[in-house]
Amino acid sequence: MTHTNLIILHPAVFVLLGIPGLEEYHKWLSVPLCLMCITAGLENSILIMVITGCNLHESMYFLSMLAITDILLSATTVPKTLAIFWLHAHDIAFNACVTQVFFVHVLFVGESAILLAMAFDCFVVICAPLHYTTVLAWPVVGRITVAIATSFCIIFPVIFLLKRLLFCQTNIVPQFYCEHIGVALLACADVTANLFGFSGPIVRVILDVILIAVSCSLILAVFHMPSQDTRHKALGICGSLLCDLIFYVPSVFTVLIHRFECIIPQHVYILLANCYVVVPPMLKPIVYGVKTKQIREGVAHRFFEIKRRRLERKERGTTVGKRQDRSVSTRVPHEYFFSMSRYQISQWHFALLNEMLTTVLANNSHLFPHTFFLAGIPGMTAAHIWISLPFCFMFFLAVTGNSVMLFLIWTERSLHQPMFFFLAMLSFVDLILSLSTLPKMLAIFWFGATAISSHSCLSQMFFIHAFSAMESGVLVAMALDRFVAICNPLRYATILTPVVVTKIGGLVVLRGVVLTISFPSLAHRLPYCGSHTIAYTYCEHMAVVKLACGTTTVDNLYAFAVAIFLGVGDVAFIAYSYGQIVRTVIHFSSPETRAKAGSTCTAHVCVILFFYGPGFLSVIMQRFGPPTASAAKVILANLYLLFPPALDPIVYGIKTKQLREQLFKIINPTRIDPT
């Protein structure tokens, strides 16, 4: 009996709840989580590939260790989280849970040590550049690596402290994954030893943060030097190190949530506590890719090297096929031809193809180019990195805001109304416009990837103009919706039936496609015998046409006619609708009714100004402006594509009560929006 009483009970399985209170949104939450995990894996893999392929082992050794650790940290937790969200696989074996606890904490403490090593590396680079190779020799780097590996020794006792506990109560873990304190608190025994045992890793992480801060302060001490380049370099390195410190912010919640869980809503602190398994692995490669010149150049080199090899293989294959179709009479004797090796034959074919292409280009200058080059913002190339920051922020706002808008309208049945159907169309169009242009812009700003194939350029041209035309049509449909809602409120449900709304949506899409599908073909038929550099950040029809050396009368007239039809026609209809709305609102007897009617139109008017304001200026400058593009002209053209997608969800989220209430209900289900 005594022996039986000493048995330590371990549950066969633990149950991971995910996010308590938000179970019905698990599938939707899995989408950004899965995207962030895939992005983190791709970014860190590219980082490792660039470091190993471009001979950056010595200067980027610790950064490659950081990338490997980030991949392992995401792979340790995210697959099980997605299994919970998608397959409802909440059970996890006790030993698997303990193993996950070990790897999560080992990787976290190890990553903290790697960040400290990188801070020391930066300190030596700035403060003792002449002694860098002697201070950080390979034996020293090896000893630092061994010190980083001591994370295993620090966390290993914690596992035994966890396995000794008696679990005789609940086995439900309100988390995505198994975390030491969260599992230990489920025990019915004293966990004081666990808390003291876990203080060792916490103290080490705190020391790492303090030493990183000291390194930053010592690096900033070089600001007294007269060299401006040295000061800029020191400031850039400190910026990267401060971004690294963001890694510690979510992890602080993992320690504090158990102390203040009675104050913070459970689903909020669980989301915050789990951010560090996906957000830092996704953001750190971007930070170091933007701030580190060698990595930017390495990514651009690898990208263009892959494209160059593909083009060479394609050209060689085409050359061999053409050579086989030719007659046996050639300038090369048969004996010499058969005595050549395969490599020599391919080289001979390639030289012959170059000669043929040179002859064709000399006689036919109208051959459509294989590649265009996007210049970015002329005159501000040196500031591209800084310009990319607001662009990236607006891209984030556009993707996040419009995705949330589509999610709210799709999931809430009370929002299945004509007004919100048109709003969903607007969000979808804005999302496509952002995805069609912003990634290439950021590639230009970050990696100097200015080249774009002709087919990609024409495809981008079609998407930009087609979805811009669709957005104009959606704004017209929303003006019609507001006109019917205010001027004929009693007949609103009978006029804007689901069938009518669907027909309006189909007409908007069909009109946008039919009017703009000719743009790529018109641009493709023109001769381009001069420069192939487009002085913009994206392929716009008139910007491409201006590169042609032939007559562009048809292109100019058609583009101008489409702009007049869409711009003037749609704006005239919107103006007429709001004229009727104002005329109706004036006759309302109640001031409250007039104010309510006006507030329902405020968001739509703001969106109209965001879209048509920069749009009209951009079209006029393209049509009547000088042939050379200025920085102001290019920035204005970019604002036309950046502002509406980024600001539309914010405007409608602030001005539309139903959207605010639904969003607030998801963020905090236990409370009611006081507004």
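It should be emphasised that the depicted structure is a prediction, and the values quoted were computed from it without experimental measurement.

Here is what the cut-offs are and how they apply
- Residues numbered from 1 in each chain as written.
- Predicted model: local features only at pLDDT ≥ 70, side-chain atom pairs only at ≥ 80, totals over all residues.
- Heavy atoms only, no water.
- Helix = DSSP H or I, 4+ residues; strand = E, 2+ residues; numbered from the N terminus.
- Buried < 20%, exposed > 50% of the residue type's maximum accessible area, 1.4 Å probe, protein only.
- Contact = heavy atoms within 4.5 Å.
- Phe/Tyr/Trp six-rings, centres within 6.5 Å; stacked < 30°, edge-to-face > 60°.
- Pairing = 2+ DSSP bridges.
- Axes fitted to C-alpha atoms, helices over the stretch in contact; angles between N-to-C directions.
- Parallel < 35°, antiparallel > 145°, perpendicular 65-115°, else oblique.
- Left-handed = near helix turned anticlockwise from the far one by under 90°.
- Nonpolar A, V, L, I, M, F, W, Y, C, P; charged D, E, K, R; others polar.
- Salt bridge = Lys/Arg side-chain N within 4 Å of Asp/Glu carboxyl O.
- Polar contact = N/O pair within 3.5 Å; in protein donor to acceptor, adjacent residues only side chain to side chain.
- pLDDT = per-residue confidence, 0-100.
- Disulfide = S-S within 2.5 Å.

Section: the overall build of the protein chain
Phase 1 of the analysis: Looking only at helices and strands, the protein chain has 27 helices and 6 strands in total.
Phase 2 of the analysis: In the protein chain, which comprises 675 residues, the proportion classed as buried is 44%.
Phase 3 of the analysis: Restricting the contact set of the protein chain to residue pairs at least 6 apart, pairs at least 24 apart contribute 78%.

Overview of the packing of aromatic side chains
Phase 1 of the analysis: Counting across every chain of the model gives 13 aromatic pairs.
Phase 2 of the analysis: Ring geometry for Phe 14 versus Phe 94: centroids 5.8 Å apart, planes at 35 degrees, classification tilted. Of this pair, Phe 14 sits in strand β1 (residues 13–16) while Phe 94 sits in helix α4 (residues 94–127); the two residues are 80 residues apart in sequence, bridging distant segments of the chain. In this structure, Phe 14 and Phe 94 share a single accessibility class: buried.

What to know about the sheet that holds strand β2 (residues 91–93)
Phase 1 of the analysis: Spatially, 3 strands are ordered β2-β1-β3 in an open sheet, and the strand pairing comes out mixed. Of all the strands in the sheet, the pair left with one neighbour each is β2 and β3 (172–173).
Phase 2 of the analysis: In the sheet, β1 pairs with β2 via 3 bridges, with the strands oriented antiparallel. Across the sheet, the residue bridging to Val 15 is Asp 91, located in β2.

Overview of the sheet that holds strand β4 (residues 371–374)
Phase 1 of the analysis: Pairing is mixed across the open sheet formed by 3 strands, whose spatial order is β5-β4-β6. Edge positions in the sheet fall to β5 (451–453) and β6 (533–534), since each has one partner strand and no second.
Phase 2 of the analysis: In this sheet, β6 lies alongside β4 in parallel orientation, the contact comprising 2 bridges. Directly across from Leu 374, in β6, lies its bridge partner Ile 534.
Phase 3 of the analysis: This element, helix α19 (residues 454–487), spans β4, β5 and β6 of the sheet and lies at about 85 degrees to β5.

Details of the packing of helix α7 (residues 151–163) against helix α9 (residues 192–220)
Two quantities define a packed helix pair, namely the angle between the helix axes and the distance between the axes.
Phase 1 of the analysis: Taken N-terminus to C-terminus, the directions of α7 and α9 make an angle of 165 degrees; their axes are 9 Å apart at the nearest point. The orientation of α7 relative to α9 falls into the category roughly antiparallel. Like other packed secondary-structure pairs, α7 and α9 cross with a definite hand, here left-handed. Contact with α7, carried on its side by Ser 151, Ile 154, Ile 155, Val 158, Leu 161 and Leu 162, involves Ala 193, Asn 194, Gly 197, Phe 198, Gly 200, Pro 201 and Arg 204 of α9 and no other residues of that element.
Phase 2 of the analysis: Split by residue class, the contact of α7 with α9 holds 8 nonpolar, 4 polar and 1 charged.

A few points about the environment of Val 484
Phase 1 of the analysis: Here Val 484 is to be found in helix α19.
Phase 2 of the analysis: Taking relative accessible area as the criterion, Val 484 reaches 3% and is therefore assigned buried.
Phase 3 of the analysis: In this structure, the C-alpha to C-alpha distance between Val 484 and Ser 577, residues 93 residues apart in sequence, is 9.3 Å.
Phase 4 of the analysis: Among all residues touching Val 484, those that are not within four sequence positions of it are Pro 489, Tyr 492, Ile 495 and Leu 496.

Let's talk about the pattern of salt bridges
Phase 1 of the analysis: For the structure shown, the criterion picks out 3 salt bridges.
Phase 2 of the analysis: Across the salt bridge formed by Arg 482 and Asp 481, the nearest N and O atoms sit 2.7 Å from each other.
Phase 3 of the analysis: Look at Asp 481 and you get buried, because its relative accessible area is 2%.
Phase 4 of the analysis: Among the ionic pairs, Arg 525 bridges to Asp 555, the shortest N-O distance being 2.8 Å. Of the two residues, Arg 525 sits in the loop between α22 (518–524) and β6 while Asp 555 sits in helix α24 (residues 553–586), which places them 30 residues apart along the sequence.

Topic: the pairing of β4
Phase 1 of the analysis: Burial along β4 is one-sided: the face carrying Phe 372 and Leu 374 is buried and the face carrying Thr 371 and Phe 373 is not.
Phase 2 of the analysis: When β4 meets β5, the two strands line up antiparallel, connected through 3 bridges. Bridging from a neighbouring strand, Phe 372 pairs with Ile 452 of β5.

So, the packing of α19 against helix α21 (residues 498–516)
Phase 1 of the analysis: One can describe the packing of α19 onto α21 by two numbers: an axis separation of 8 Å at closest approach and a directional angle of 145 degrees. As α19 runs across α21, the sense of the crossing is right-handed. Along its contact with α19, which presents Phe 462, His 465, Ala 466, Ala 469, Met 470, Ser 472, Gly 473, Val 474, Ala 477 and Leu 480, the element α21 presents Ile 504, Val 508, Val 509, Arg 511, Gly 512, Val 513 and Thr 516.
Phase 2 of the analysis: Taken together, the residues that form the contact of α19 with α21 break down as 11 nonpolar, 5 polar and 1 charged.

What to know about the side chain of Gln 460
Phase 1 of the analysis: Among the structural elements, Gln 460 can be located in helix α19.
Phase 2 of the analysis: Relative accessible area serves as the criterion here: at 8%, Gln 460 is assigned to the buried category.
Phase 3 of the analysis: There is a polar contact of 2.9 Å between the side chain of Gln 460 and the backbone nitrogen of Cys 539.

Notes on the confidence of the model for the protein chain
The predicted coordinates of low-pLDDT regions are not to be read in fine detail.
Phase 1 of the analysis: Looking at the protein chain as a whole, its pLDDT mean stands at 76, while 76% of the residues score no less than 70.
Phase 2 of the analysis: Mean pLDDT across the elements of the protein chain ranges from a minimum in helix α15 (residues 334–339), with 37, to a maximum in α21, with 91.
Phase 3 of the analysis: Segment residues 1–8: pLDDT under 50, and 5 contacts once partners within four positions in sequence are set aside and those in other chains are kept.
Phase 4 of the analysis: Between residues 324–366, whose pLDDT stays under 50, and residues either more than four places distant or in other chains, the model counts 25 contacts.

With respect to the state of the cysteines
Phase 1 of the analysis: Scanning the entire structure with this criterion turns up 3 disulfides.
Phase 2 of the analysis: Covalently, Cys 529 is tied to Cys 549 through a disulfide, its sulfur atoms 2.1 Å apart. With Cys 529 in the loop between α22 and β6 and Cys 549 in the loop between α23 (541–545) and α24, this pair connects stretches of sequence that are 20 residues apart.
Phase 3 of the analysis: Residue classification places Cys 549 among the partly exposed positions, given a relative accessible area of 41%.
Phase 4 of the analysis: Cys 601 forms no disulfide, and the closest cysteine sulfur to it belongs to Cys 487, at a distance of 8.9 Å.

A word on the side chain of Ser 215
Phase 1 of the analysis: Within the element layout of this structure, Ser 215 appears in helix α9.
Phase 2 of the analysis: In contact with Ser 215, other than residues within four places in its own chain, are Ala 119 and Phe 120.

Focus on unusual backbone geometry
Phase 1 of the analysis: We note that His 88 has phi near 55 degrees; this positive angle belongs to a residue other than glycine.
Phase 2 of the analysis: Tracing the sequence through the fold places His 88 in the loop between α3 (61–87) and β2.

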